[in-house]
Amino acid sequence: MANTIRRWLTRPVDYAWTVHYFETNTALGSTRVLIGLSCLLFSVLYVVAGLAPPTAPTGAALTIVLVNAVGTAGVGLAWIRGPWPSRRMSTAFVVYADVGLSVVLLSLSDPLAVLPCAILFGVASSYVATFHTPRVFAVHHSLTVVVCVGLFVRAIGSESVLGAARTSLAVTYGLLIVMVLFLAPISIYRLQFLQRGDVTAAYVDPLTGLRNRRGLTVAAGELLGTRNGLVAVVIDIDRFKSINDRFGHHHGDLVIRRTADTVDEMFPSPSITARTGGEEFAVVTALPMDEVLDRARRLRSAYTARSDHESSLSIGVAREERVVTSHDVEVLLICADRAMYSAKADGGDAVVGYGTLT
């Protein structure tokens, strides 16, 4: 059981692919507006709960509630105005939404009246389940549990309703929260996660676990508009056919996987790595050109040191100052590909830089 949970928590979610999927199905814009409107409704609820009895607090607690109302309204307007946030900004939004709601609920008066409002965590649960990893989902629900338990304990001790009626109401609210926030969302998230895994397989190379060419193009959208430009690297294994001929295709697959691991090791996230076909790999990164060239040379040396046969790597590198569209990424990869073929034409086992494309 523990191993199953551990594997689930460490499974990645391709945020860029998810955003691209909704964008290509023309659902991203309307989803963004709906999220913004939800934030504005949260802001209104904070104001009403903060000013109207029986939940209206006083003093510093009231200030906390109203400040959160103003901040949440600003977040809502930002969502409506767009564009869709990056993965990092999306994670920050989840943190803000969870912490903000927690602080507001714990600041309000009459915990018995506030307790059923904990179901509002379900709104953030839907967003997290759609766009983020199981680990983020688990952290979100852990915070939800802590807040709900705190409200439940306070509700039982509340003096707004006396005796057994108070406890009965608190237990009823608690059961509703368990059903709405935990049993249903977790079951739905599990099914959704399995379904998403099947769909995203179209963007992943099954042999290496790297992105395929389609996945590379989609993920590169996260780096568009980077201030210092982008660099593309194209890597090809020299004399790979002879490896298959001499040692068999099984050994050739082992070489492909080992090369993929080395490429991923030299260019970790947020650089984007992919197997684009056969024995060819590609990287798109926002690292400086000098650093990319240095990593490419170390990649070539690492491959040679780990190789048990007479093969090497031909690597082409290209840089562009302004990359703002997917077409620009394709042009950049074409130029890196040309540089790679220049290295191969000179006998292979070399790194060739195409230069700045201006």
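Check the entry above for the structure.
**Observations concerning the packing of helix α11 (residues 240–247) against helix α12 (residues 249–266)**
Closest axis-to-axis distance for the α11/α12 pair is 7 Å, and the angle between their directions is 140 degrees. Our classification of the angle between α11 and α12 gives oblique. Seen from α11, the contacting residues are Phe240, Ile243, Asn244 and Phe247; seen from α12, they are His249, His251, Gly252, Val255 and Ile256. Of the residues assigned to the contact of α11 with α12, the class counts are five nonpolar, four polar and no charged.

**Concerning the packing of aromatic side chains**
Evaluation of the coordinates by the stated rule reveals eight aromatic pairs. Taking the centre distance of 5.9 Å and the plane angle of 80 degrees together, the rings of Trp79 and Tyr127 count as edge-to-face. In this pair, Trp79 sits in helix α4 (residues 59–81) while Tyr127 sits in helix α7 (residues 121–131), placing the two residues 48 residues apart along the sequence. No difference in accessibility class separates Trp79 from Tyr127, as the two residues are buried. Judged by centre distance (5.4 Å) and plane angle (85 degrees), the rings of Phe93 and Tyr127 are edge-to-face. With Phe93 in helix α5 (residues 87–107) and Tyr127 in helix α7, the pair connects residues that are 34 residues apart, well separated along the chain. Each residue in the set Tyr15, Trp79, Trp84, Phe93, Tyr127 and Phe131 is aromatic and connected to the rest through ring pairs, giving one cluster.

**Regarding unusual backbone geometry**
The residue after Pro53, namely Pro54, is reached through a cis peptide bond having omega 5 degrees. Position of Pro54 relative to the elements: it lies in the loop between α3 (28–51) and α4. Note the cis peptide between Gly82 and Pro83, where omega equals 0 degrees. Summarising the element assignment, Pro83 is placed in the loop between α4 and α5. Although it is not a glycine, Asp110 sits at a positive phi angle of roughly 55 degrees. Within the secondary structure, Asp110 is located in the loop between α5 and α6 (111–114). Here Arg239, not a glycine, exhibits a phi torsion of approximately 55 degrees, which is positive. Turning to its location among the elements, Arg239 is positioned in the loop between β1 (230–237) and α11. Classification of Arg239 as partly exposed rests on a relative accessible area of 45%.

**What about the side chain of Ser102?**
Checked against the element boundaries, Ser102 lands in helix α5. At 2.7 Å, the side chain of Ser102 and the backbone oxygen of Asp98 are in polar contact. In contact with Ser102, not counting residues within four places along its chain, are Phe121, Leu143 and Val147.

**Description of the pairing of strand β3 (residues 280–285)**
Counting buried residues along β3, six of its six residues qualify, which places the element largely inside the surrounding structure. Neither face of β3 is open: one carries Glu280, Ala282 and Val284, the other Phe281, Val283 and Thr285, and all of them are buried. Relative to β3, β1 runs antiparallel, the two being bridged by six bridges. Paired with Asp236 across the two strands is Glu280, which belongs to β3.

**Brief notes about the nonpolar core**
Ranked by size, the top nonpolar core spans 25 residues in total, and within it Val233, Ile235, Ile237, Leu299, Ile315 and Val317 carry the most contacts. Elements with a minimum of two residues in this core: β1, α11, α12, β3, α13 (289–306) and β4 (313–320). Per-element tally for this core: the top contributor is α13, with seven residues. With near-sequence residues (within four places) excluded, Ile235 lies in contact with Val263, Glu279, Glu280, Phe281, Val283, Leu299, Leu313, Ser314 and Ile315.

**Some details on helix α14 (residues 326–345)**
Helix length check: α14 (20 residues) gives 29 Å between terminal C-alpha atoms against 28 Å at 1.5 Å per residue, within 8%. Two residues or fewer after α14 comes Gly347, characterised by a positive phi angle close to 110 degrees.

**What to know about the pairing of β1**
A regular strand places its side chains on the two faces of the sheet in alternate fashion. Where burial is concerned, most of β1 is hidden: eight out of the eight residues are buried. Of the two faces of β1, the one carrying Leu230, Ala232, Val234 and Asp236 and the one carrying Val231, Val233, Ile235 and Ile237 are both buried. Relative to β4, β1 runs antiparallel, the two sharing eight bridges. Within β4, the position partnered with Val231 by the bridge is Arg319.

**With respect to the packing of α7 against helix α8 (residues 134–156)**
Where α7 contacts α8, the two axes come as close as 9 Å, and the packing angle between them is 170 degrees. Relative to α8, α7 is oriented roughly antiparallel. Contact with α7, carried on its side by Phe121, Ala124, Ser125, Val128 and Ala129, involves Val136, Phe137, His140, His141, Thr144 and Val147 of α8 and no other residues of that element. Residues belonging to the contact of α7 with α8 are distributed by class as follows: seven nonpolar, four polar and no charged.

Analysis parameters
- Residues numbered from 1 in each chain as written.
- Predicted model: local features only at pLDDT ≥ 70, side-chain atom pairs only at ≥ 80, totals over all residues.
- Heavy atoms only, no water.
- Axes fitted to C-alpha atoms, helices over the stretch in contact; angles between N-to-C directions.
- Helix = DSSP H or I, 4+ residues; strand = E, 2+ residues; numbered from the N terminus.
- Parallel < 35°, antiparallel > 145°, perpendicular 65-115°, else oblique.
- Contact = heavy atoms within 4.5 Å.
- Nonpolar A, V, L, I, M, F, W, Y, C, P; charged D, E, K, R; others polar.
- Phe/Tyr/Trp six-rings, centres within 6.5 Å; stacked < 30°, edge-to-face > 60°.
- Buried < 20%, exposed > 50% of the residue type's maximum accessible area, 1.4 Å probe, protein only.
- Polar contact = N/O pair within 3.5 Å; in protein donor to acceptor, adjacent residues only side chain to side chain.
- Pairing = 2+ DSSP bridges.
- Core = buried A, V, L, I, M, F, W, Y, C linked by side-chain atoms within 4.5 Å.
- Expected span 1.5 Å × (residues − 1).

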